[in-house]
Every structure is written in C-alpha cells, then in structure tokens.
Amino acid sequence: MNAIETHGLTKDYGNLVAVKDLDLTVKPGIVYGFLGPNGAGKSTTINMLMGFIRPTAGSASIMGLDAKTQHLEIKKITGYLPERPAFYDDLSGRGNLEYFGRLIGVEELDGRIVELLKTVGLEGRGNDRVGTYSHGMRQRLGIAVALLGSPKLLILDEPTTGLDPQGSHDIREVIKKLKSENVTIFLSSHILHEVQDISDVVGIVKKGRLIVERPIEEFLRSTEGNMPVIEIMAPRFEDAHLDLVKKIKGVGGVTRNNGFIDVTVESPALAEDINIALVNAGCRVRGIREKMPTLEDAFLKVTAEGNVEG
Ligand SMILES: Nc1ncnc2c1ncn2[C@@H]1O[C@H](COP(=O)(O)OP(=O)(O)OP(=O)(O)O)[C@@H](O)[C@H]1O
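Remember, predicted model here, so these are calculated numbers, not experimental data.

### Quick look at the sheet that holds strand E12 (residues 229-233)
Now for step 1: Read across the open sheet, the four strands follow the order E13-E14-E12-E15; overall the sheet is antiparallel. Edge positions in the sheet fall to strand E13 (251-257) and strand E15 (287-291), since each of these pairs with one other strand and no more. Neighbour to neighbour, the strand axes of the sheet diverge by 20° on average, direction disregarded.
Now for step 2: Sheet analysis places E13 next to strand E14 (residues 260-265), joined by six bridges and oriented antiparallel. Following the sheet pairing, Asn257 is matched in E14 by Phe260.

This is the structure in structure tokens:
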C-alpha cells in the first residue's frame, strides 16, 4: 500500500486553478521531496491530503484511507508540521506538548515528551514559555508536536525555512533517523541542497501540475541531458593520458575543466576501467567520482517555461 496516492486531484479557487489533475505516488518508507516555485500548489495539495480543504475533483488517500471521508483516522497516523506552526505562547514547550498529546490520546505522555524534547534538541528549554522561543525553537517544537503520535507518515511544510545552519542540520538528522525507523516523510521545501541530501524521490509541481516524479538520482541524471560525467583529479594528467582515456570503449569525450578532467561515459561503472588504465599508464589519480548535477540546476531547468512532461 502506498503512503500517499492521489488521482486527478484538483483544487480551483474561482478561476484560479491551484492544483490540477495531480497523480502523486509516495511509496512507504521513503523521503519524498515535494518541490515547486512559489504559488505552484504545494500547500494546497498538503491541505487536501490532511483533509483541511476539499478537492474540487479527484481523490487522495493516505495509507489507504480516503482524505475526504477518513480525515480523523488520517490525523491519527500522520504527523503534520504546517508552514507556520501555532502554539499557546503562554504555555511552555512541555505544556504545549502535554496539551496536544492529551488531545490525540498519547499513552505514557510524560515519557514521550521527555524523549521528543531530546529528539528535537529542546531539552534545556522545555520549561520556558513558547512566547520566548526563537523561530528555530518554534520549528523544533512543531516537529516534536508532529511526532507526538508516533506517526507512520510525516508531512513537513518547509520545516527548515529560517533556521540557522545548525538548526537545519539537526532537523535533517531527525528526518534521516525517522526514515531509518521506516517513517515515510513527505517534505515540501525550497532549500534544494537539503532536499538533495535527504530525499529518495522528488515530485515537482508547476502551476498546479506535476511535471516530474522520479527517484532523485535518475532525475538528476536525466537533466544532464545526455551521458553521465566522471570527474578525475590527477594533477599530472598529460595529453597522452587524455588520448588513452578517449580510446576506452564507452567513453564519449574527455575535457579539461578547472584542474579536473571531465569524461562523459555511457555508464558510471566505467570509472573503474578508466582508473585502472590511467594507473597502468603511470598517471597518479588522486580522485575519481561521478559528477552529479545539483538539484538546484535540475530544478531550474525543468521549471523553466515550456517544460511540462506528460
Ligand atoms: N484560500 C485561497 N483562496 C484563493 N486562492 C488561493 C487560496 N489558497 C491558495 N490560493 C492560490 O493557489 C495557488 C497555490 O498556492 P499554494 O499556497 O498552494 O502554493 P505553494 O506552492 O505552497 O507556494 P509557496 O511555495 O509560496 O508556499 C496560489 O496562486 C495561491 O494564491
């Protein structure tokens, strides 16, 4: 059973089409990076998944539960961090967790709160009023609230926006840990290097439509256009070495690039053959690896005008 599935999901606001014919498939246990330019329809999609707003057309299911009719059951198994989490500012972090935990009937709540404050790095500040928290601390508390019910699915709407580097890093580590515990993470974010670091699959929406849904490495390679590129670091790389690499079967082209040698290849597995050939020819190879385009490059390429798939 898929963690999230939508079919023809659509939301209109009068003449404005916020989400159009969206078919999403989120397999269980993965981190799914949900991307798109401002106003593309990400929050609207999440609001429909959580049952906060009703679709104009189409359907959405979470762990097999229908988002229109079973949203109470969905809320029990889904942790949700909104873009701007709301708290009771006069209560402490712990007090807020107690309140939200009782609301959803969390068992052994005291122990769970201690554990969660530690998970999100707020253990020293749990007794302070939330009104005194920084933006980053509120985000951390928001994640703790989302995790209260030990969810199977976690939906995070821009969890690290406005966080300092340590804060973003900590949240990424929490996400990685949850993934290792088989929690599915659906992550909407504009911070593409983070998404690249933690996601297995990316879905990209533009003007309400899904234009890409692919495993991230496959997506990055596809936007390179043609062939994978191997990057070699070899300070004394001579023209004779260049000719040698060119002759290897499966090599497309060899170019010097800012002190590195870029080799286009049919398959990244050719890195080993290239390495052996160079070492046998007396060329000292300091490093050799597949050069991956960044998610930012790939994102900008596909979201540029006129690039709608399917
Ligand atoms: N309640 C509403 N009434 C009218 N239009 C709305 C409403 N909510 C969203 N929209 C419009 O729907 C479109 C999609 O908005 P949405 O907030 O889903 O985008 P987003 O991808 O989450 O954007 P961002 O990255 O800026 O958060 C936008 O054009 C927005 O103005």
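### Let's talk about the packing of helix H8 (residues 216-223) against helix H11 (residues 295-303)
Now for step 1: Between H8 and H11, whose axes approach to 9 Å, the crossing angle comes to 65°. Read as a crossing pair, H8 and H11 show a hand that is left-handed. Two secondary-structure elements touch here, H8 through Ile216, Phe219, Leu220 and Thr223 and H11 through Leu295, Ala298, Phe299, Lys301 and Val302.
Now for step 2: Each residue belonging to the contact of H8 with H11 can be placed in one class, and the counts come to seven nonpolar, one polar and one charged.

### Regarding the environment of Lys291
Now for step 1: Mapped onto the elements, Lys291 comes out in strand E15.
Now for step 2: Take Lys291: its relative accessible area is 27%, and that puts it in the partly exposed class.
Now for step 3: Considered as a pair, Lys291 and Val229 are 62 residues apart in the sequence and their alpha carbons are 5.5 Å apart.
Now for step 4: The contacts of Lys291, once residues within four sequence positions are left out, are Val229, Glu231, Asn257 and Asp262.
Now for step 5: Of the polar contacts made by the side chain of Lys291, one reaches the side chain of Asp262; its length is 2.8 Å.

### Some details on the site of the ligand
Now for step 1: Near the ligand there are 14 residues, and of these Gly39, Lys42, Ser43, Thr44 and His190 occur at the shortest range.
Now for step 2: Between Lys42 and the ligand, the recorded distance is 2.8 Å, taken from a side-chain N or O atom to an oxygen atom.
Now for step 3: Residue His190 places a side-chain N or O atom 2.8 Å away from an oxygen atom belonging to the ligand.
Now for step 4: Secondary structure elements with two or more residues in the shell around the ligand: strand E2 (16-22) and helix H1 (42-49).
Now for step 5: Of the residues forming the shell around the ligand, the biggest block, three residues, is contributed by H1.
Now for step 6: Residues belonging to the shell around the ligand are distributed by class as follows: five nonpolar, six polar and three charged.

### Observations concerning the nonpolar core
Now for step 1: Membership of the largest hydrophobic core comes to 46 residues, with the highest contact counts inside it found for Ile185, Phe219 and Leu295.
Now for step 2: Sorting elements by how many residues they give to this core places helix H5 (residues 135-147) first, with six residues.
Now for step 3: Once residues lying within four places of it in the same chain are set aside, the contact partners of Leu295 are Leu35, Leu192, Val195, Gln196, Val202, Ile216, Phe219 and Leu220.
Now for step 4: Of all hydrophobic cores here, the second largest spans 28 residues; its members include Leu49, Val201, Val205 and Leu210.

### Considerations on the domain arrangement of the protein chain
Now for step 1: What the domain assignment lists for the protein chain is domain 1 (4-221) and domain 2 (225-290).
Now for step 2: Summarising the inter-unit geometry, the C-alpha centres of domain 1 and domain 2 are found 42 Å apart.

### Overview of unusual backbone geometry
Of all residues except glycine, most have a negative phi; of all peptide bonds, most are trans.
Now for step 1: At Ser150, a position not held by glycine, the phi torsion is positive, near 45°.
Now for step 2: For Ser150, the position within the fold is in the loop between H5 and strand E8 (153-157).

### Observations regarding the pattern of salt bridges
Now for step 1: For the coordinates displayed, the defined rule picks out 16 salt bridges.
Now for step 2: A salt bridge links Arg112 to Glu115; its shortest N-O distance comes to 2.9 Å. Here Arg112 and its partner Glu115 are both found in helix H4 (residues 109-119), three residues apart, which amounts to about one turn of the helix.
Now for step 3: Relative accessible area serves as the criterion here: at 14%, Arg112 is assigned to the buried category.

Criteria and cut-off values
Residues numbered from 1 in each chain as written. Predicted model: local features only at pLDDT ≥ 70, side-chain atom pairs only at ≥ 80, totals over all residues. Heavy atoms only, no water. Pairing = 2+ DSSP bridges. Helix = DSSP H or I, 4+ residues; strand = E, 2+ residues; numbered from the N terminus. Axes fitted to C-alpha atoms, helices over the stretch in contact; angles between N-to-C directions. Left-handed = near helix turned anticlockwise from the far one by under 90°. Contact = heavy atoms within 4.5 Å. Nonpolar A, V, L, I, M, F, W, Y, C, P; charged D, E, K, R; others polar. Buried < 20%, exposed > 50% of the residue type's maximum accessible area, 1.4 Å probe, protein only. Polar contact = N/O pair within 3.5 Å; in protein donor to acceptor, adjacent residues only side chain to side chain. Near = heavy atom within 4 Å. Core = buried A, V, L, I, M, F, W, Y, C linked by side-chain atoms within 4.5 Å. Domains from an automatic or database assignment. Salt bridge = Lys/Arg side-chain N within 4 Å of Asp/Glu carboxyl O.

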